[in-house]
Amino acid sequence: MKVFHGIGVSLGIAIGKAYLVDRDRISVSRKSITDEEVKEEIARFKRAVATSKDQLQDIRKKLSLDIGEEHGYILDSHLMILDDKMLVNGAIEMIKGQMVNAEYALKEVIGRFMSIFDGMGDEYLKERKGDIEHVGERILRNLSGKALDSVSDLPEEAVVIAHDLAPSDTFQMRKDRVMAFVTDIGSSTSHTAIMARSLEMPAVVGLEVISREVSTGDPIIVDGNQGVVVVNPDQATFLEYLERQRRYKYFEKELVKISKLPARTQDGHEVHLAANLEIPEDVEGMQEHGAKGIGLFRTEFLFMNRKDLPSEEEHFLACKKIVEKMEPYHVIARTFDLGGDKIPVPMPIKGETNPALGLRAVRFSLLRREIFKVQLRGILRASAYGDIRLMYPMISGVSELRQANQVVHEAMDELRREKIPFNEDIKIGVMIEIPSAAVTADLIAKEADFFSVGTNDLIQYAMAIDRLNEHVAYLYEPLHPAVLRFLKMIVEAGHKAGIPVGMCGEMAGEPLYSLVLLGLGFDELSMNQYSIPRMKKLFRQSEMKEAARLTEKAIGLPTAEEARKLVVDYMAGRFPEDIGADGKLMY
Ligand code: PEP
Ligand code: MG
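Structural notes, computed from the coordinates.

What counts, and where the lines are drawn
- Residues numbered from 1 in each chain as written.
- Chains lettered and ligands numbered in written order.
- Predicted model: local features only at pLDDT ≥ 70, side-chain atom pairs only at ≥ 80, totals over all residues.
- Heavy atoms only, no water.
- Phe/Tyr/Trp six-rings, centres within 6.5 Å; stacked < 30°, edge-to-face > 60°.
- Helix = DSSP H or I, 4+ residues; strand = E, 2+ residues; numbered from the N terminus.
- Buried < 20%, exposed > 50% of the residue type's maximum accessible area, 1.4 Å probe, protein only.
- Disulfide = S-S within 2.5 Å.
- Donors = N, O, S within 2.8 Å, 3.2 Å for Na, K, Ca; no water.
- Expected span 1.5 Å × (residues − 1).
- Arc of directions from axis to C-beta.
- Contact = heavy atoms within 4.5 Å.
- Near = heavy atom within 4 Å.
- Polar contact = N/O pair within 3.5 Å; in protein donor to acceptor, adjacent residues only side chain to side chain.
- Areas by Shrake-Rupley, 256 points an atom, 1.4 Å probe, with all protein chains shown as cover.
- Nonpolar A, V, L, I, M, F, W, Y, C, P; charged D, E, K, R; others polar.
- Salt bridge = Lys/Arg side-chain N within 4 Å of Asp/Glu carboxyl O.
- Patch = residues over 30% accessible without salt bridge, like charges linked within 9 Å, V, L, I, M, F, W, Y side chains within 5 Å.

Digging into the packing of aromatic side chains
Here comes step 1: Applying the stated criterion across every chain yields a total of five aromatic pairs.
Here comes step 2: Their ring planes at 70° and their centres at 6.4 Å tell us that Phe-336 and Phe-364 sit as a pair that is edge-to-face. In this pair, Phe-336 sits in the loop between strand E11 (331-334) and helix H11 (361-367) while Phe-364 sits in helix H11, placing the two residues 28 residues apart along the sequence.
Here comes step 3: Relative accessible area serves as the criterion here: at 0%, Phe-336 is assigned to the buried category.
Here comes step 4: You can call Phe-364 buried: its relative accessible area is 4%.

Things to note about the state of the cysteines
Here comes step 1: Within the structure shown, the criterion is met by zero disulfides.
Here comes step 2: This cysteine, Cys-319, is not joined by any disulfide, and Cys-504 carries the nearest cysteine sulfur, 16 Å off.
Here comes step 3: A relative accessible area of 1% means that Cys-504 is categorised as buried.

Structural notes on the coordination of the magnesium ion (ligand 2)
Here comes step 1: Within the protein, Glu-433 (OE) and Asp-457 (OD) serve as the donor atoms for the magnesium ion (ligand 2), at 2.0 to 2.1 Å. Of this pair, Glu-433 sits in the loop between strand E13 (428-432) and helix H14 (435-439) while Asp-457 sits in helix H16 (residues 455-463), and the two are 24 residues apart along the sequence.
Here comes step 2: Given the relative accessible area of 2%, Glu-433 is considered buried.

As for the environment of Gly-339
Here comes step 1: Its place among the elements puts Gly-339 in the loop between E11 and H11.
Here comes step 2: Between the C-alpha atoms of Gly-339 and Ile-95, which are 244 residues apart in sequence, the distance is 39 Å.

Section: helix H21 (residues 560-574)
In an α-helix, one full turn covers 3.6 residues, which means residues spaced three or four apart are oriented alike.
Here comes step 1: Helix length check: H21 (15 residues) gives 21 Å between terminal C-alpha atoms against 21 Å at 1.5 Å per residue, within 8%.
Here comes step 2: Ala-560, Ala-563, Val-567, Val-568, Met-571 and Ala-572 are the residues of H21 that are buried. Seen end-on, H21 carries its buried residues on one side only, within an arc spanning 145°. Facing away from the buried side of H21 by more than 90 degrees, the exposed set consists of Glu-561, Lys-565 and Gly-573.
Here comes step 3: If you follow the buried residues of H21, they end up packed against helix H17 (481-496), helix H18 (514-520), helix H19 (532-541) and helix H20 (544-555).

Quick word on the site of ligand 1
Here comes step 1: Close to ligand 1 lie 17 residues, the nearest being His-191, Arg-298, Arg-334, Asn-456 and Arg-467.
Here comes step 2: Backbone polar atom of Asn-456 to an oxygen atom of ligand 1: 2.8 Å apart, as the coordinates give it.
Here comes step 3: At 2.7 Å from an oxygen atom of ligand 1 is found a side-chain nitrogen or oxygen belonging to Arg-467.
Here comes step 4: Notes on ligand 1: free accessible area 290 Å², of which the protein chains cover 100%.
Here comes step 5: A breakdown of the residues in the shell around ligand 1 according to their chemical character gives four nonpolar, five polar and eight charged.

Topic: the pattern of salt bridges
Here comes step 1: Tallied over the entire structure, the rule returns 44 salt bridges.
Here comes step 2: A salt bridge links Arg-246 to Glu-243; its shortest N-O distance comes to 3.0 Å. Note that Arg-246 and Glu-243 are positioned in helix H9 (residues 235-256) at a spacing of three residues, about one turn of the helix.
Here comes step 3: Where Arg-360 meets Asp-457, a salt bridge forms, and the shortest distance between an N and an O atom there is 2.9 Å. Of this pair, Arg-360 sits in the loop between E11 and H11 while Asp-457 is found in helix H16, placing the two residues 97 residues apart along the sequence. Of the two residues, Arg-360 and Asp-457, both sit in the buried class.
Here comes step 4: It is possible to trace a salt-bridge network through shared partners that takes in Glu-312, Glu-313, Lys-373, Arg-377, Arg-381, Glu-410, Glu-414 and Glu-418.

A look at unusual backbone geometry
Here comes step 1: For the bond running from Glu-327 to Pro-328, omega is 5°, close enough to zero to count as cis.
Here comes step 2: Within the fold, Pro-328 resides in the loop between helix H10 (312-326) and E11.
Here comes step 3: The phi torsion at Ala-361 lies on the positive side, around 50°, for a residue other than glycine.
Here comes step 4: In this fold, Ala-361 is placed in helix H11.
Here comes step 5: The backbone of Lys-419 sits at a positive phi, close to 60°, despite the residue not being glycine.
Here comes step 6: Here Lys-419 shows up in the loop between helix H13 (398-417) and E13.
Here comes step 7: A residue is classified by how much of its surface remains accessible, and Lys-419, at 73% relative accessible area, is exposed.

Considering a nonpolar patch on the surface
Here comes step 1: Nonpolar side chains collect at one region of the surface, where Phe-238, Leu-239 and Leu-242 lie side by side and expose about 240 Å² of accessible area between them.
Here comes step 2: Relative to the helices and strands, Leu-242 is located in helix H9.

Regarding the side chain of Thr-265
Here comes step 1: Examined against the element boundaries, Thr-265 turns out to sit in the loop between H9 and strand E9 (272-277).
Here comes step 2: The exposure class assigned to Thr-265 is buried, which follows from its relative accessible area of 4%.
Here comes step 3: Side chain to side chain, Thr-265 and Asp-267 meet in a polar contact 2.7 Å long.
Here comes step 4: Polar contacts involving the side chain of Thr-265 include one to the main-chain amide nitrogen of His-269, which spans 2.9 Å.
Here comes step 5: Thr-265 has contacts with Leu-518, Phe-539, Ser-542, Glu-543 and Met-544, leaving out every residue within four places of it along the chain.

Geometry only, nothing functional implied.
This is the structure:
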């Protein structure tokens, strides 16, 4: 039995079988071969190409059955590359001509293709580069005998183990029966982790070496509550976790009963609780979990796991469905926040040294206005069907807000000309998640209809820590005096201008901070839907007065450690049934 400790990023306990997903690139070195070996080397290469073709045809068949024939074309382009004479014959010529191993020859030929494509400047052809790399990687793996793993098509009860996973991988896992996942790297506010929470899938990240220590088929326990992973558990441990799992499930059921009750404090203050939404289908059941609206619809997930860009019609239909489902409450559609850790296939934004500081979110939208406008038109059209609101991510100041508004006005003009209905008074809000926006919140507030604080990014940028990096995750501290001052400043600026201020970062759904959030005066808290009853349970036992007192005290402290101690001690003492002495939830 081996026990690993990491960062628990999604609650729940899973007991299953490990399934290792190998995402490392195969390294290739040049090896000389003799005259006699050339023939066998070419035969080996041809076998690898044939195997790759069989595998792709298999996947194509499964894909067509699962999600429809129209999606099979994704793989047609890969199959066509395998038939490409230049690629296959080019590699064979090189094996013969330079008397080198097949892996090296293939890598060289692919390299040549890449430089030709780089010089073309055509967006469509640039996309094809990724396809060729993908196919090349598959042939290389078949040459080396290492299977190419995908997170789709997994065995039942699989617990996925990987060095790292992209948010698009997590997205894919929902379709399969993945029970949980664990990774070597990662942090609690990565989109991979956020996605796990929205799928209710236990997850532990930042385990450093786990992908090297576990083999496929190993019995494994993932405790997302405590951030613990046990491989090959002994019988006593297995039974202990079985009991913990049973208890956790029982509390989950009990909590759902609270969902319908109002989020009202003992002294009558009502807190508006909304849900964050990543995948449109998840809107089903959100009201049952107690969500009074969607405080953040991360629309960029409409761009994931596909080869083309979503059309205006797709944006429109997705938003319309959500708005109708959430009636009579509002839905805040955040315009796509692409870049950072969310890079869709059709728009590779590659090669940035600092993706978090690069071409992300509204910066990308303003650069590619034609893509932005397609989405805006879709959202605007949905506004004719209910209370949908627009929100821009990563606004750095008034100037970007005005530029984004300009594109919205262009989209509105077009719709008016085309006589397509939309809500002329649609509310347009701003995410406050960059320090420059936080300190100019008073100026932005004059030109915005509402604010929503994105603490995941605000803390990342305020503390200068990469939110994906587990080594600096310890500095991710919502109770740091800098963060608390920012939050206070933003709420005050919004309220002074008469606009509502919400929070949709992960801090908003963390029970430990419930009183502080109340004390800071947020009008809306938007969180993963499963956190709503947990937060509600605490609000219903609280008083506004005590929240204000605690918050004032916390803001007055000079260090994050002192503020944390104050809040943890207070919360554990005040809610002993719910919060433990370590500040974690008891269930
Ligand atoms: C945030 O930054 O807090 C936020 C809600 O947006 P995202 O996590 O998608 O960046
Ligand atoms: Mg953000």
